[in-house]
Amino acid sequence: RKTSKTRKMKRFKDISFINKLHAVIIGTTVVALLLFASAIIVYEVMTYRTSTVAKIQTVADIISNSVAPALLFDDPDYGKRLLRTLREEPHIAIAALYHTGGRLFADYYRNPLPKGTQLPFTQREGFYFSANYVEVSQPVQSEGGSVGTLYIRYDLKEMQARFKQYTVIILIVLIASFVIAFIIASRMERIITDPILHLAQVASTITREKDYTIRV
């Protein structure tokens, strides 16, 4: 490992001053942009999660309050009709109602599940995020207490589409910034190197002519 680091250090030392200058300017620009892009993405993720949770919670509360009588009077047809109203929300992939014991009461699927696939009943209350969707499970309350459980699965295709857009935008900005930083570094090259070259020429003249009265 030490040998590898030593080689890398030696290679960097062997690079010309101009190339080092270009590398520092371009590298600093790229790192700053990446940090800025990361901050934006993190902010967008947190904002999207918060707004999605609020949206699903509103839908879940409306369904829970409306379906409680259907569970009490064991009317699954009414429960299914209520769940079918969720088709107006294109990102809700699955919704299901369960009795308190976990028996399926009514369900809704935007797209049919593959054969042999069953929706597992969960008594976990709250929101759970995964890579492709967010799940919510909450009890359906009546005056006498909980009469069942509502389950909703909300896909995250909208967020994934946003990430793709952000990725493309960030790549375009990075490429443009790389080009601009290279142009700026090339322009700054003369500002920095001209005085150094002048100093080197004067030092060479002093050495050659032994004239120590020359000043820079």
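Going by the structure above, here's the rest.
Since the structure is predicted, the reported quantities are computational estimates derived from the model, not experimental observations.

Visitor: So what's going on with the pairing of strand S4 (residues 133-142)? Residues and values would help.
Guide: Strand direction decides the pairing type here: strand S3 (residues 126-129) and S4, joined by 4 bridges, are antiparallel. Looking across to S4, one finds that phenylalanine 127 is bridged to valine 136. From the end of S3 to the start of S4, which pair antiparallel, there are 3 residues. Pairing of S4 with strand S5 (residues 145-155), which is carried by 10 bridges, proceeds in the antiparallel orientation. Along S5, the bridge assignment pairs glutamine 141 with serine 146.

Visitor: Can you explain the side chain of threonine 52? Please cite residues and give values.
Guide: Among the secondary structure elements, threonine 52 is positioned in helix H2 (residues 17-72). A residue is classified by how much of its surface remains accessible, and threonine 52, at 4% relative accessible area, is buried. Contact partners of threonine 52, with chain neighbours within four places excluded, come to Val134 and Tyr154.

Visitor: Describe the environment of valine 30, listing the residues and the values that go with them.
Guide: Within the secondary structure, valine 30 sits in helix H2. Here the alpha-carbon distance between valine 30 and alanine 181, two residues 151 residues apart in the chain, equals 8.9 Å.

Visitor: So what's going on with the environment of isoleucine 56? Residues and values would help.
Guide: Locating isoleucine 56 in the fold gives a position in helix H2. When the C-alpha positions of isoleucine 56 and valine 136 are compared, they lie 7.9 Å apart, and in sequence the two are 80 residues distant. Those residues in contact with isoleucine 56, other than ones at most four positions away along the chain, are Phe127, Val134, Val136, Ile152 and Tyr154.

Visitor: Tell me what's going on with the packing of aromatic side chains, and back it up with residues and numbers.
Guide: Inspection of every chain in the model, using the stated rule, returns 0 aromatic pairs. Arginine 49 extends its terminal NZ or CZ atom over the ring of phenylalanine 129, reaching a point 3.9 Å from the ring centre. Over the ring of tyrosine 133 we find arginine 153, and its NZ or CZ is 4.3 Å from the ring centre.

Visitor: Which residues make up the nonpolar core, and what values go with them?
Guide: Of all hydrophobic cores here, the largest spans 26 residues; its most connected members are Val67, Leu83, Leu86, Leu97, Val140, Leu150 and Ile152. Where this core is concerned, the elements lending two or more residues are H2, helix H3 (76-84), strand S1 (92-99), strand S2 (104-109), S4 and S5. It is H2 that contributes the most residues to this core, 8 residues altogether. In this structure, Ile25, Ile26, Ala181 and Ala185 belong to the second largest nonpolar core, which totals 5 residues.

Quick notes on the rules
- Residues numbered from 1 in each chain as written.
- Predicted model: local features only at pLDDT ≥ 70, side-chain atom pairs only at ≥ 80, totals over all residues.
- Heavy atoms only, no water.
- Pairing = 2+ DSSP bridges.
- Helix = DSSP H or I, 4+ residues; strand = E, 2+ residues; numbered from the N terminus.
- Buried < 20%, exposed > 50% of the residue type's maximum accessible area, 1.4 Å probe, protein only.
- Contact = heavy atoms within 4.5 Å.
- Phe/Tyr/Trp six-rings, centres within 6.5 Å; stacked < 30°, edge-to-face > 60°.
- Lys NZ or Arg CZ within 6 Å of the ring centre and 35° of its normal.
- Core = buried A, V, L, I, M, F, W, Y, C linked by side-chain atoms within 4.5 Å.

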